[in-house]
Amino acid sequence: MLEINDLVVRYRTGNLLSRLKPGAVRYVDILAGVSLQVAPGNTLGLIGESCSGKTTLGRAVIGLTPISGGTVQVNGREPRDASDWSWRGIRRDTGLIFQDPMAALDPRMRVEKLVTEPFSVNGREINRRAEAGRLLTMVGLPAAFIDRYPHQLSGGQARRVAVALRPKLIIADEPTAGLDLSVQGELLNLLTALQRELGMSYLIITHNLAITRHVTDDIAIMYLGRIVESGPTAALFRAPAHPIPPRCSAPKAAAARRERGAGGRDPNAFPSSRRL
């Protein structure tokens, strides 16, 4: 479903004046040769520290962030440049759940239009209200929600609306962030049920290892724009070779802080991307 090979995303550094000086233009690789795959009907968990490039990867997959090198292939489509018409098919088959779920929904549109717009864009004639009601029911929302605007939805409801678009691949960036534990469980159970029923594939970007263990088939660990370890979820949790997984676990991190004292630094800690 998703195949990424040697993906590079590069940004120029410095301000406008510094870029005008000869030889002063420098670049930083946010993603440096990332390769990974998500099989049809499977879930890949992408974990790593903040600033490691996880969100940039998700945005690059659907063309929201320009690609400097490498290839991205979604459901057999591989766009060559920003103007390639393949992006239209990729965006039809792919959904992105942002860390801020409201950012994925147009605040000027009612839910009815939000969930049926893809049909209009692709020239399919449907009964919009009936189809919108059916899609909302599928994701556990009342059909009456079709007349609501995004600001009238909770965070969990907004995420359900994003899922109701029925893409073949969903890229979920911290899908449970800011949700109560009960709502987190409901959302994860919904994603699992839809995957079982519709064969959806998921790329879940998260710091939460409990979620990763619960819903993913495979895990990839990202550090400083590179995949440093990957493999089946059960095997990686049983014997991780990289130190990032235990650092992403809140209980273990808290215990480590208590052991070394307040304000202390673990001398064996892996260097943070924020300090480099």
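Look above for the structure.
Within each chain, residue numbers correspond to sequence positions counted from 1 in written order. Since the coordinates come from a predicted model, pLDDT governs what is reported: local features require at least 70, and pairs of side-chain atoms require 80 or more to be given and counted, while whole-chain, interface and lining totals use all residues. Values reported for side chains reflect all heavy atoms of the structure, with hydrogen atoms and water molecules removed beforehand.

**Structural notes on helix 5 (residues 128–138)**
(1) Moving on: Throughout this description, buried means an accessible area under 20% of the type-specific maximum (1.4 Å probe, protein chains only), exposed means over 50%, and partly exposed covers the range between. For the purposes of this entry, the term helix denotes a DSSP run of H or I that reaches at least four residues, the term strand denotes a run of E that reaches at least two, and both are numbered from the N terminus. Buried within helix 5 are the following residues: E131, A132, G133, L135, L136 and M138.
(2) Moving on: Positive phi shows up at G140, right after helix 5, with a value of about 80°.

**Some remarks on the nonpolar core**
(1) Moving on: Among the nonpolar cores identified, the biggest contains 34 residues, and V115, L136, V139, V161 and L194 are the most heavily contacted of them.
(2) Moving on: For this core, the secondary structure elements donating two or more residues are helix 4 (111–121), helix 5, helix 6 (155–163), strand 6 (169–173), helix 7 (181–198), strand 7 (201–205) and helix 8 (209–215).
(3) Moving on: Ranked by residue count, the leading element in this core is helix 7, at five residues.
(4) Moving on: When near neighbours in sequence (up to four residues on either side) are disregarded, V139 contacts R160, V163, A164, L190 and L194.
(5) Moving on: Among buried residues, those of type Ala, Val, Leu, Ile, Met, Phe, Trp, Tyr and Cys that are joined through side-chain atoms within 4.5 Å constitute a nonpolar core. Core analysis: the second largest hydrophobic core is formed by 26 residues, L7, L36, L44 and W87 among them. Whether two residues are in contact is decided by their heavy atoms: any pair within 4.5 Å suffices.

**Side note on the sheet that holds strand 4 (residues 69–74)**
(1) Moving on: In this description, strands pair whenever DSSP reports at least two bridges between them. Spatially, the three strands line up as an open sheet ordered 2-1-4, and their pairing is antiparallel. Both edges of this open sheet fall to strand 2 (27–38) and strand 4, since each of them pairs with a single strand only. In this sheet, adjacent strand axes meet at a mean angle of 25° when their direction is disregarded.
(2) Moving on: Across nine bridges, strand 1 (residues 2–12) lies against strand 2 in antiparallel orientation. For Y11, the partnering residue across the bridge sits in strand 2 and is V28. Helix axes are fitted to C-alpha atoms over the stretch in contact, other axes to C-alpha atoms as well, and angles between N-to-C directions run from 0 to 180 degrees.

Interpretation in functional terms is not warranted from these geometric data alone.
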